[in-house]
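Understanding the architecture of this molecule
For reference, the chains in residue letters:
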Amino acid sequence: MSTKLDVYRFDPETDQDPSRKQYEVDLPEYGTVLEGLLEVRDAQDGTLSMRCSCRSAICGSCSMKINGQSRLACKTLISQIEHEGETITVDPMGNMPVIKDLVVDMDSFWDKMKTVGPYLKPEGPEPERENLVSNDSMMRLAVAMNCIMCGACVSDCTVLEVDKSFLGPAALAKAFRFAADPRDGHTEERLKSYVEPSGIWDCTRCNMCVQACPKDVEPMERIMDMRVMAIESGLTDSRGARHVEGFSNSVKHSGLLDEFALARKTFGFPKWGFELAPFGIRRLLRRRLPPIIHKGISTAKRVTRIFERLGV
Amino acid sequence: MRQHDVIVIGGGLAGMRAAQQAQAMGADVAMISKIFPTRSHSAAAQGGINAAVGVGDSWEDHAYDTVKGSDYLGDQDAIEVLCEEGPADIIALERMGVIFNRNGEGQIDMRAFGGATNVRTCYVADQTGQVILHVMWEQLLKSGLTVYSERFVTELLQEDGRISGCVALEIPTGRIEIFQTRAIVLATGGIGQVYYPTTNGLAVTGDGLALAYRAGASLMDMEMIQHHPTTLKANGVLITEGARGEGAYLLNSVGERFMENYAPNMKELASRDVVSRAETMEVRAGRAVDGDCVLLDLRHLGRDLVMTKLTQIFELARDYAGTNVLEEPLPIRPGHHYIMGGIKTDVDGRTWDPSGQGRWKGAEGLFAAGETANVSVHGGNRLGGNSLLDTVVFGRRSGAGAVEYARSVGWASVNENAAINGLESRIKDIFSRPSDGLRAATLRRQMGTAMNDGIAVFRNEEGMQKTLATIRAIKERLPEVSVHNKGRLFNTDLLSVLELDYMLDVAESVGMGAVTRKESRGAHAREDFPDRNDEDWLKHIVVARSEDGQAEVGFLPVTMTKWEPIARTY
């Protein structure tokens with residue numbers, strides 16, 4: 001099967017700007033993008049640099065943008081993406097600087113990983129043998145432990161594109177793995193640090209990380225898990241938590257969102273007035289300001305009953 | 001020049017465990033790894049890690065199974081250490097954070113594995129190696145270990161036969177770095193890429209074995225190469241033994257569970273060498289599927305079990321074979337997987353004979369652990385689940401051994417300029433060749449194919465000699481190999497030439513061991529010598545460099561403690 005590859009090329013030592021190079025390779029059935037690139041590197045053009053090792057989606061080395069989406073080259077079959085176009089485009093991961101060609105500098109990725117305290121911190125006396133914990137509690141962590149730290153989620157994260165300080169989906173999925181571990185003795189302390197700015201409340205739930213993750217870690221869902229854990233453990237004094245609480249209260253009692261009240265609740269008084277004034281004026285000019293006097297729906301009591309039945 | 005008391009080369013499980021132990025003992029230790037540590041091939045270990053931690057099991061039973069699995073070539077003193085100390089290491093891993101699957105009491109659960117008389121394989125679904133590797137990495141972050149990542153070690157430095165340091169190429173920048181040290185632990189993993197195809201990753205090129213060999217250490221039982229019974233035809237990727245441990249069947253083309261004829265008691269869970277041979281014999285008898293495959297049948301295990309305990313297998317089969325294992329059996333075949341042989345060490349990881357009697361050739365100050373080393377606990381055939389245990393037990397012991405040794409000696413001197421110039425001129429020489437010359441990948445494929453043709457599941461004199469001759473012919477052509485890439489940054493083209501150089505030394509030593517052993521034992525199944533011959537061949541074969549730089553074969557006795565060799569049936 002003949003396959004066309006259009007590959008990003010950049011050697012900062014010799015090139016002024018990045019360029020693209022086209023290759024054609026012949027691959028067997030079940031051929032992957034990685035096999036295509038290896039064919040290029042081994043036989044046609046040895047100047048192409050990339051990272052790769054296991055060929056079976058477990059080492060996490062070969063994450064790159066394939067047809068614009070971050071994926072593992074070894075897990076991406078040509079046959080899977082044929083419908084996306086005749087030529088396959090290959091680019092380095094995003095949100096990380098390029099070292100050469102498809103190789104990126106992952107230092108910021110590892111540094112963020114380190115800031116979430118990515119190791120078990122048990123408390124109290126050591127058990128005589130292993131810790132006795134339920135299989136379910138361990139398998140809940142297995143979802144996050146599936147992470148092979150390939151960087152695909154970070155590469156496609158839309159928050160990181162605009163805010164470099166965001167801890168990002170990979171580090172936060174790792175954070176979940178420890179916050180939810182019954183053997184850890186610092187859950188509260190961990191959650192306290194994760195609700196700080198740049199943490200769990202900065203995710204915009206765009207779902208890109210869930211789509212990019214080749215190991216079904218669903219980082220965004222792990223972030224949502226931690227939001228629930230944070231609120232449940234009483235960490236309600238953050239903008240994100242107040243936003244959730246205000247949203248839920250408004251709908252519970254009036255059946256409708258009171259946008260002014262939500263802004264007051266989220267940002268706190270009188271700060272909301274200053275911070276949101278420019279935004280409010282813009283919306284006023286576009287005649288898109290919500291009603292200043294909030295009126296609930298006529299059947300609000302029924303909504304309240306639903307909330308009560310759900311116990312929230 | 002950088003200085004550390006102990007340097008660990010290799011960032012997989014054995015290396016991390018060695019570094020952790022050395023650091024815990026208060027030594028100034030650093031790790032050098034060709035790839036980022038979590039990219040190491042330990043991550044690919046799927047099925048589990050053995051130890052007698054369960055009620056009703058004993059380390060003696062584990063030891064006996066291992067001795068029998070090794071076809072009596074394993075050193076029994078080393079096997080006793082492995083099995084007796086193993087349970088404590090498993091408990092230690094759990095406390096560090098490994099999320100082992102649990103039984104109803106919340107204890108570590110175990111699954112059945114090949115060649116074991118008891119259920120003793122602890123596991124995390126089918127990603128055991130990955131989880132343990134990542135947890136060990138977490139521990140290294142916690143302790144703040146110095147890690148030099150993406151550095152390719154090209155040479156071990158010595159003064160008067162004693163290790164003094166090493167030379168490394170920093171891959172992202174192309175800079176040469178010199179390290180001075182008192183002791184080195186080599187933990188660079190297996191030799192997978194010497195074979196084609198293989199289950200092993202592209203980074204697994206056996207560099208460590210060649211570095212040790214060139215520094216004067218002995219390579220032992222190199223002919224003992226494991227072919228895993230279940231690998232995918234398309235790309236050689238591994239399908240865990242855990243599948244059979246959970247109850248999967250092997251079927252031939254007529255739908256027969258053929259293992260009943262080869263191993264009436266253990267059936268699919270006989271030792272790997274036995275199962276791989278049985279599969280090959282079915283193929284030769286004309287009962288193959290897809291040319292040279294048989295079938296792995298998981299259908300009766302049910303969706304729930306497969307989707308919770310064998311998830312990775314479900315995905316690999318779907319992605320690389322287009323097979324839904326819940327609905328149809330999966331074509332598989334034996335494929336290169338592991339080397340039981342390696343750098344000869346004692347139970348503390350020392351590559352040299354500490355008794356001073358020079359019973360084998362070694363390099364003072366050089367330690368080795370994991371697949372790189374041969375302690376020897378696997379002998380002629382490794383049991384599934386014993387390799388991860390080998391890495392944590394002997395990784396720990398070699399880390400401790402290295403610290404003790406480092407404390408007993410001063411610094412040996414390093415000629416920094418000479419070391420830098422040595423590698424620089426080697427690179428300059430490669431760069432000076434015309435760019436359109438021979439590709440390293442071409443020779444690498446020829447070598448891998450020759451190895452798999454002649455030194456695989458079944459062997460004979462003619463085939464092995466042919467392979468050995470091919471390897472030596474390829475070695476002759478090494479100076480013709482050139483590169484397209486003459487830049488400094490992340491030059492994997494250059495790396496492929498340097499790696500090939502080491503791989504050929506390793507391939508030759510495998511061939512030399514193979515033609516020397518004139519019997520069938522463990523994974524070394526000879527058609528021309530079909531029986532085990534304890535009288536003449538119950539001994540280790542070592543390959544070491546002679547004074548004039550040639551590879552030379554020697555022998556070492558097998559250490560027996562309490563298990564006399566008997567016929568091996570499953």
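Here, the structure is the one placed above.
Let us look at the structure shown here. (Residues numbered from 1 in each chain as written. Chains lettered and ligands numbered in written order. Predicted model: local features only at pLDDT ≥ 70, side-chain atom pairs only at ≥ 80, totals over all residues. Heavy atoms only, no water.)

1. Some thoughts on the packing of aromatic side chains
Overall, the coordinates contain eleven aromatic pairs over all chains when judged by the stated rule. Between the aromatic rings of F258 of chain B and Y262 of chain B, the centroid separation amounts to 6.2 Å while the plane-to-plane angle is 85°, which identifies the pairing as edge-to-face. Taking the relative accessible area as the measure of exposure, F258 of chain B reaches 0% and is therefore buried. Each member of the aromatic cluster is reached from another via a ring pair, and the members are F109 and W110 of chain A together with F36 and W137 of chain B. One cation-aromatic arrangement involves K68 of chain B over Y570 of chain B; the distance from NZ or CZ to the ring centre is 4.2 Å. (Phe/Tyr/Trp six-rings, centres within 6.5 Å; stacked < 30°, edge-to-face > 60°. Buried < 20%, exposed > 50% of the residue type's maximum accessible area, 1.4 Å probe, protein only. Lys NZ or Arg CZ within 6 Å of the ring centre and 35° of its normal.)

2. Describing the nonpolar core
Ranked by internal contacts, the top residues of the largest apolar core, which has 180 residues, are L37 of chain A together with I49 and L298 of chain B. Among the elements that take part in this core, helix α11 (residues 386-408) of chain B stands out by supplying nine residues, more than any other. In this structure L298 of chain B touches A243, A248, V306, L310, I313 and V325 of chain B, once residues within four positions along its chain are discounted. Within the second largest apolar cluster, 76 residues are counted, among which are V194, A419, I430 and V481 of chain B. (Core = buried A, V, L, I, M, F, W, Y, C linked by side-chain atoms within 4.5 Å. Helix = DSSP H or I, 4+ residues; strand = E, 2+ residues; numbered from the N terminus. Contact = heavy atoms within 4.5 Å.)

3. Let's talk about the layout of surface pockets
Gaps between atoms show up when a probe of the same size as a water molecule is rolled over them. In this structure, the largest pocket encloses a volume near 1300 Å³. Lining the largest pocket we find 48 residues, and of these L38 and D42 of chain A together with Q193, L202 and R445 of chain B sit closest to its centre. Elements with a minimum of two residues in the lining of the largest pocket: α1 (33-44) of chain A together with α13 (440-454) and α15 (492-516) of chain B. The element that contributes the greatest number of residues to the lining of the largest pocket is α1 of chain A, accounting for seven residues. Residues that form the lining of the largest pocket fall into these classes: 22 nonpolar, nine polar and 17 charged. Space inside the second largest pocket adds up to approximately 620 Å³. Within the residue set of the lining of the second largest pocket, elements represented by two or more residues are α3 (107-115) of chain A together with α4 (128-143) and β6 (146-149) of chain B. (1 Å grid on protein atoms, 1.4 Å probe; cavity = no way out; pocket = protein on both sides within 12 Å on 5 of 7 lines; lining within 4 Å. Points joined across faces, edges and corners; volume = space filled by probe spheres on them. Nonpolar A, V, L, I, M, F, W, Y, C, P; charged D, E, K, R; others polar.)

4. Description of helix α12 (residues 416-432) of chain B
Residue and element names in this part refer to chain B. With 17 residues, α12 ought to run about 24 Å at 1.5 Å a step, and its terminal C-alpha atoms sit 24 Å apart, in line with that. When we look at burial in α12, the residues that qualify are A419, I420, L423, I427 and I430. All buried residues of α12 lie within an arc of 95° about the axis, which places them on one face of the element. Away from its buried face, by an angle of more than 90 degrees, α12 presents the exposed residues N417, K428 and S432. Buried residues along α12 sit against β7 (151-159), β8 (162-170), β9 (175-186) and α15. (Expected span 1.5 Å × (residues − 1). Arc of directions from axis to C-beta.)

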